[in-house]
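If you want the building blocks of each chain, they are given just below.
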Amino acid sequence: MIDTRLWGKSAGLEKPYPLMGHLVDTAMVAGAVWDGALTVVQHAAVAEALGVAMAEARRLVMFWAGLHDIGKILPRFQDMAAQDRPAHCAFLSEETYAHDRERDSQAEKIRHECATSRALPQLLAALGYPTAGRPARLLLTQVAQLLGGHHGRYPLGVEPQDLRDPLRRLPELGIGGWADQRREHVAALHGVLGRPEAPVARAMPVELAVVVAGVVIVSDWLASQDHVVSAQQAAADEIGGLRTPQSLLAHAKRASEAAPALVRDAGLGRASFRRHGFAGLFPEIARPHPLQVSIEAGLPGAVSGPGVLLVTAPPGEGKTEAALYAATVMGAACGSGGLFFALPTQATANQMYDRVVGFARRNLLDSAQVTLLHGSADLNERYAEPSPNDDGVEPRVLSDHDGGLRESAEVSVVASRWLRLRGRGILAPIAVGTVDQALMGVLPLKRNALRHLGLSGKTVVVDEAHAYDAYTHALLLRLLVWLGAMGVPVVLLSATLTGETAAGLVEAYLSGAGREPGSYRLPPPAYPGWLYADARSGSLTAPEEPVGSVRARRLSVDVLPVTHTYDATAPDGRLAALIRELHGVTAEGGCAAVICTTVAEAQRTYEALRDHYREHYGPAYAGWDDRSTDDAARQDAEAGPRLRLLHARFPARRRAAITAEAESWFGRIDKEGIRRPEPPRGTVLVSTQVIEQSLDLDFDLIVSDLAPMALLLQRAGRVWRHSEPGPSRPAWCREPRLAVLAPVGDDGRLSVPAAWGDVYAPSLLQRTLELMERRKSDPVRVPEDVQQLIDEVYAPEFTSTDPDALMKRDIKRLTDDMARRGLAGMVMLPPPAMVGSLHQLTTSDADEDLVATRLGAETVQLLPVFYDSEGKRWLDEACTIPFPERGSRNDGRFTRVEIRALLGHVVPLAHGPWRQACAEANDPPASWRREPRLARLVLLPHRIVAGDGLAGAVLGDYTLTLTHSLGLVISRAQKS
DNA sequence: AAGAAAAAAAAA
Ligand SMILES: [Fe+3]
Ligand SMILES: [Fe+3]
């Protein structure tokens, strides 16, 4: 007989809720999660691993999920309510619950989830679960361990003796009534589920066990919601408690009837898309691009189950639509239940969210929620505060497979409140986010079972798969191993990859799927092109015909060897060369971008050009000043060029404004609100790598500092980017042209400026420079020549004019890469097949700071603050926006709108030596500490000096000053 | 003396 005085939930309830009730509720919810959120393929995989039919697998998972809190039958746990509810807990002094509390370990206070993992093996063994063989490979120890992980971290595995008598190692579990009740509760739950028989199988593959663990956590959360517990409690009271098997069955029936709605309301579910050709999915695309046509022609015939598709193509060939199309084809072939679209940055994820929402609205067969997943998603207005319009369902017409009109349906894609809480968004049927959100699934982090569950039933698209450093790339490869093992279809989108890198991606996926390396042969990569690898057979499919391009062109690339100096009078100096290159723009008009390596250099280049033009066009020259309304009205070349600066070290709002202006000038001319500056007045944008990211800009000319080949080609993609319709080009500009300023020494050889630090590997710079010099003025044919250029830059054998220097630089680069891969190897999860114990999936000996998706110095968020003459603080130099000492809510906390506004003033800066000098003056007010996003801001106090302008924040030897046109400037005091 | 980028908060 179970004792229903043993409680499961107490806090916030009028009276305690029996543990038995919570176990039954969780089991029933798990059934609904199984039905509603897992795919048939997942059902089949679990069933196969357990050696039972699918319906039986479902019952077993329900049974296990119910058992998750069996460890709450534990003296230390039950005692926890004694203080608040002495009357209820009086039963604990009954003889049967006698327990010597004095002997409980005080050093290691046992928690209930750990008690679950320790007590369960013996209890399952009693039900006939096999116990022969290595404990680590037994199903019952695995189930115990994954249930012990229901709070997010898997406990250590059990020892062999725990199978017979867990009390020997853990007397805290309690004997007598405690042990009896654990058995009784297990038996009662077993009975409620119809006594599912013990499977004879061994432990499940790890990639399945983690999915089951995820199901348990989600079911526990859903069943523990306040309204669920109170409703079930009331229902239990109504039937007179849960003591008898009949009452338990009635309780279970009620719970299972309510459960599907819980799953639905939470926003869990599956997404299924219309199965249609490309044109059906994208009716707005009148003429699909060659890449899209090629994939539609070649892919469907090759797909029969899970696999990986690698698409390599330049931007503008329609990769995104091709990926969404491929995802529906590949997803349908393996019964996938959703989509995860991974992008390199928050900004690109925000953009893609809108596109995927549009795609989902048009092509979903049923409502399915779409989440946006990244660290600042709740600051994205369209996601965080969907307008009532977005909230409504979308009326639309569905046509069935043969194109006839079938029914009119409505789909909704707005994410539920439940899914918006941290860590849950990946459970939505459709999620768009940073790739980091997926990569965290291969890091030993708490609750990564939720990420595993979220990814396992989906189709995963990874955009810009080429764009990560050796560390993050290693994590990506490991993620592919896990996805391969899970049978998750994957689409990888990339710019040019070397054959080696492309092979690495495909091999990682296939090795996860169990294919031996060497059992298949990879063709050399094509650009543009695609390659599909089938997970089950390892067979490879590539397009039968070479893939055409919509943006084929000849690009002229000129290398200009320069001395790296800002002295305009040095004839071979960088500045003089730059001014010469920009001559056409300044004299006759047009749009040019200058891309610098560092922020400081971009700032100096901008200042030097400003000074030069001021000298040339007179002191009234105001083209550099975006605040000048007079200048904005000038269209004549005599006004001197418009000059702008864009880099990452501006306050977020200011950066957004500069970006918006740049988009309005250089954006697609057929887009609304675009006013491309017309000749004769020219326009120059000085920038850093920021404009490589996510911006669809077009320039007549790009002048770039030397950078690795892949980046130069990416930058070159911004020259004459738009066509049909494209802007008209100035007369001086006869071809798309990239001018590369290459810093050389007196000997004419590469001399990497000290100020470039480690931004680019000198090895790649030297190889790139030599390769371009060797080509002389041969134009680069895009896309045909691109693959070869990339291959050559990375070739192990490289014929250099300065082999000794190259050797040293190569060694440095290769060892750096190796170190990064090594670091990744130390922190990331092993492939699922190599996982010894679930414990290592959520626990790591590595330094916590190292368990990250990206390597490198931490970025500090700086908030410039301005003191006026009276010592009052403001957020702007003009003293119009007051510094908020506290938030506007009654308790002094900030609203989301206030936080968003405040973060608009924040400037990111890499951690550096200035950080040590931070003191109290740099700490935010005490009331900010309660806001996670504000607590770690660093204030930069500026002083407004009457008549003398602005004095920046002094931090040790450094002065940090925010100015309108330069952004945050860092200057170092001369050492005396 | 060094780019741009992500993440970190409360879940049962
Ligand atoms: Fe628990
Ligand atoms: Fe629980």
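Residues numbered from 1 in each chain as written. Chains lettered and ligands numbered in written order. Predicted model: local features only at pLDDT ≥ 70, side-chain atom pairs only at ≥ 80, totals over all residues. Heavy atoms only, no water.

Participant: Please clarify how the overall build of chain A should be interpreted in this entry.
Facilitator: When helices and strands are counted, chain A shows 35 helices and 27 strands. For chain A, whose C-alpha radius of gyration is 32 Å, the value lies close to the compact-globule estimate of 30 Å for 976 residues. By its C-alpha atoms, chain A is 100 × 75 × 60 Å across when sized along the principal axes. Buried residues in chain A amount to 55% of all 976 residues. Contacts in chain A between residues at least 24 apart in sequence constitute 75% of all its contacts with a sequence separation of at least 6. (Helix = DSSP H or I, 4+ residues; strand = E, 2+ residues; numbered from the N terminus. Rg over C-alpha atoms; globule rule 2.2 N^0.38 Å. Buried < 20%, exposed > 50% of the residue type's maximum accessible area, 1.4 Å probe, protein only. Contact = heavy atoms within 4.5 Å.)

Participant: What is the right way to read the packing of aromatic side chains from this model?
Facilitator: Any pair of aromatic rings gets described here by the distance separating the centres and the angle formed by the planes. Tallied over the full model, the rule gives 15 aromatic pairs. Ring geometry for Y353 and Y383: centres 5.4 Å apart, planes at 85°, overall edge-to-face. One end of the pair, Y353, is in helix α16 (residues 346–363); the other, Y383, is in helix α17 (residues 381–384), with 30 residues separating them in the sequence. With a relative accessible area of 5%, Y383 lands in the buried category. (Phe/Tyr/Trp six-rings, centres within 6.5 Å; stacked < 30°, edge-to-face > 60°.)

Participant: What am I meant to see in the domain arrangement of chain A here?
Facilitator: Many structure descriptions define interface size as the accessible area lost when the parts assemble. What the domain assignment lists for chain A is domain 1 (7–266), domain 2 (289–541), domain 3 (553–782) and domain 4 (858–972). When each unit is reduced to the centre of its C-alpha atoms, the spacing between domain 2 and domain 3 is 35 Å. With 6 residues of domain 2 at the interface, the matching set in domain 3 holds 4 residues. Summing both sides of the interface, domain 2 and domain 3 together bury roughly 380 Å²; the carbon and sulfur share of this comes to 52%. (Domains from an automatic or database assignment. Buried area = accessible area lost by both parts, 1.4 Å probe.)

Participant: Can you help me understand the coordination of the iron ion (ligand 1) in this one?
Facilitator: Working reference: metal with six octahedral donors, ideal angles 90 or 180 degrees; metal with four tetrahedral donors, ideal angle 109.5 degrees. For the iron ion (ligand 1), every protein donor is listed as D69 (OD), H112 (NE2), H150 (NE2) and H151 (NE2), and the spread of their distances is 2.1 to 2.5 Å. Considering all 4 donor atoms around the iron ion (ligand 1), angles at the metal cover 77 to 157° and the coordination shape is irregular. Of note, the donors binding the iron ion (ligand 1) are all from one chain and are spaced D-x42-H-x37-H-H. Here the iron ion (ligand 2) and the iron ion (ligand 1) are spaced 3.7 Å from one another, each receiving a donor from D69. In this pair, D69 is assigned in the loop between α3 (54–66) and α4 (75–79) and H150 in the loop between α6 (139–148) and α7 (160–164), connecting sequence segments 81 residues apart. (Donors = N, O, S within 2.8 Å, 3.2 Å for Na, K, Ca; no water. Tetrahedral: all angles 85-135°; square planar, octahedral: opposite > 155°, others 65-115°.)

Participant: Looking at this model, I keep getting lost on the coordination of the iron ion (ligand 2). Mind explaining?
Facilitator: With distances of 2.1 to 2.3 Å, the protein atoms coordinating the iron ion (ligand 2) are H22 (NE2), H68 (NE2), D69 (OD) and D220 (OD). When the donor residues of the iron ion (ligand 2) are listed from N- to C-terminus, their spacing reads H-x45-H-D-x150-D. Residue D69 is classed as buried on the basis of its relative accessible area, which comes to 1%.

Participant: Can you walk me through the protein's contact with DNA strand B in this structure?
Facilitator: Lining the immediate environment of DNA strand B, one finds 39 residues, of which Q346, R422, Q437, P932 and R972 sit closest. Here, DNA strand B places atoms within 4 Å of the protein, and 60% of those atoms are sugar or phosphate. A distance of 2.3 Å separates a phosphate oxygen of DNA strand B from a polar backbone atom of Q346. Here R655 contributes a side-chain N or O atom positioned 3.1 Å from a phosphate oxygen of DNA strand B. Elements supplying a minimum of two residues to the surface near DNA strand B: α10 (206–223), α20 (435–439) and α35 (932–935). Taken together, the residues of the surface near DNA strand B sort by class into 9 nonpolar, 15 polar and 15 charged. (Near = heavy atom within 4 Å. Polar contact = N/O pair within 3.5 Å; in protein donor to acceptor, adjacent residues only side chain to side chain. Nonpolar A, V, L, I, M, F, W, Y, C, P; charged D, E, K, R; others polar.)

Participant: What's the story with the sheet that holds strand β18 (residues 737–743) in this structure? I'm lost.
Facilitator: What holds strands together in a sheet is hydrogen bonding between their backbones, with the strands either parallel or antiparallel. With mixed pairing, 7 strands are arranged side by side in an open sheet as β15-β16-β14-β17-β18-β13-β19. Across the chains shown, the open sheet's two edge strands, defined by having one partner strand only, are β15 (642–646) and β19 (780–782). On average, adjacent strands in this sheet sit at an angle of 20° to one another, irrespective of strand direction. Bridge count for β15 against strand β16 (residues 682–687) is 5 bridges, and the pairing is parallel. (Pairing = 2+ DSSP bridges. Axes fitted to C-alpha atoms, helices over the stretch in contact; angles between N-to-C directions.)

Participant: Which parts of the structure should I look at to understand the UniProt feature "domain: HD Cas3-type" (unreviewed entry) in chain A?
Facilitator: Listed under "domain: HD Cas3-type" (unreviewed entry) in the UniProt record, and renumbered for this structure, are residues 12–222. Here residues 12–222 is 55% helix and 1% strand, with 17 Å between the C-alpha atoms at its ends. (UniProt positions renumbered as here; feature names shortened; annotations may be inferred.)

Participant: I'm lost on the environment of L262 in this one. Help?
Facilitator: Checked against the element boundaries, L262 lands in helix α12 (residues 245–266). Not counting chain neighbours up to four residues away, the residues in contact with L262 comprise V29, L222, Q225, H227 and V228.

Participant: Hey, could you run me through the environment of E735 in this one?
Facilitator: Within the secondary structure layout, E735 lies in the loop between α29 (709–716) and β18. A sequence separation of 422 residues divides E735 from A313, and the C-alpha atoms of the two residues are 22 Å apart. Sequence-distant contacts of E735, defined by excluding residues within four places in its chain, comprise S556 and W720. A polar contact is formed between the side chain of E735 and the side chain of S556, at a distance of 3.4 Å.

Participant: Help me out: how do you make sense of the pattern of salt bridges in this one?
Facilitator: A side chain with one charge may pair with a side chain of the opposite charge, provided their charged atoms come close. Per the counting criterion, the structure on display carries 46 salt bridges. For D626, the salt bridge goes to R654, with nearest N and O atoms at 2.8 Å. Placement of D626 in the loop between α26 (599–617) and α27 (629–633) and of R654 in helix α28 (residues 652–666) is noted, with a sequence separation of 28 residues between them. A residue is classified by how much of its surface remains accessible, and D626, at 28% relative accessible area, is partly exposed. (Salt bridge = Lys/Arg side-chain N within 4 Å of Asp/Glu carboxyl O.)

Participant: Hey, could you run me through the state of the cysteines in this one?
Facilitator: Should the sulfur atoms of two cysteines be covalently bonded, the bond is a disulfide. Considering all chains together, one arrives at 0 disulfides under this definition. Lacking any disulfide linkage, C591 is separated from the closest cysteine sulfur, that of C733, by 9.7 Å. By relative accessible area, C591 is classed as buried at 0%. (Disulfide = S-S within 2.5 Å.)

Participant: Can you help me understand the sheet that holds strand β9 (residues 459–462) in this one?
Facilitator: What the 8 strands build is an open sheet, ordered β5-β8-β4-β9-β10-β3-β11-β12; its pairing is mixed. Every interior strand has two partners, whereas the edge strands, β5 (370–373) and β12 (540–541), have only one. Of the strands in this sheet, β4 (339–343), β5 and β8 (430–434) are in contact with α16, which crosses β8 at around 165°.

Participant: How should I be thinking about the side chain of R721 in this particular structure?
Facilitator: Following the sequence through the fold, R721 ends up in the loop between α29 and β18. On the basis of relative accessibility, which here comes to 13%, the residue R721 falls in the buried class. When near neighbours in sequence (up to four residues on either side) are disregarded, R721 contacts P315, R551, D696, L697, D698 and R729.

Participant: Quick question: what am I supposed to make of helix α15 (residues 319–333) here?
Facilitator: It helps to recall that an α-helix has 3.6 residues per turn; residues three or four apart then point in one direction. In this model α15 runs 21 Å from its N-terminal to its C-terminal C-alpha over 15 residues, within 8% of the 21 Å that 1.5 Å per residue would give. With 13 of 15 residues buried, α15 is to be regarded as a mostly interior element. G335 lies just past α15 and shows a positive phi near 60°. (Expected span 1.5 Å × (residues − 1).)

Participant: Please clarify how unusual backbone geometry should be interpreted in this entry.
Facilitator: Negative phi is the rule for most residues except glycine; trans is the rule for most peptide bonds. A cis amide bond, omega -5°, links Y527 with the succeeding residue P528. Along the chain, P528 falls in the loop between α23 (499–512) and β11 (529–534). V782 connects to P783 through a cis peptide bond whose omega is 5°. Turning to its location among the elements, P783 is positioned in the loop between β19 and α31 (786–794).

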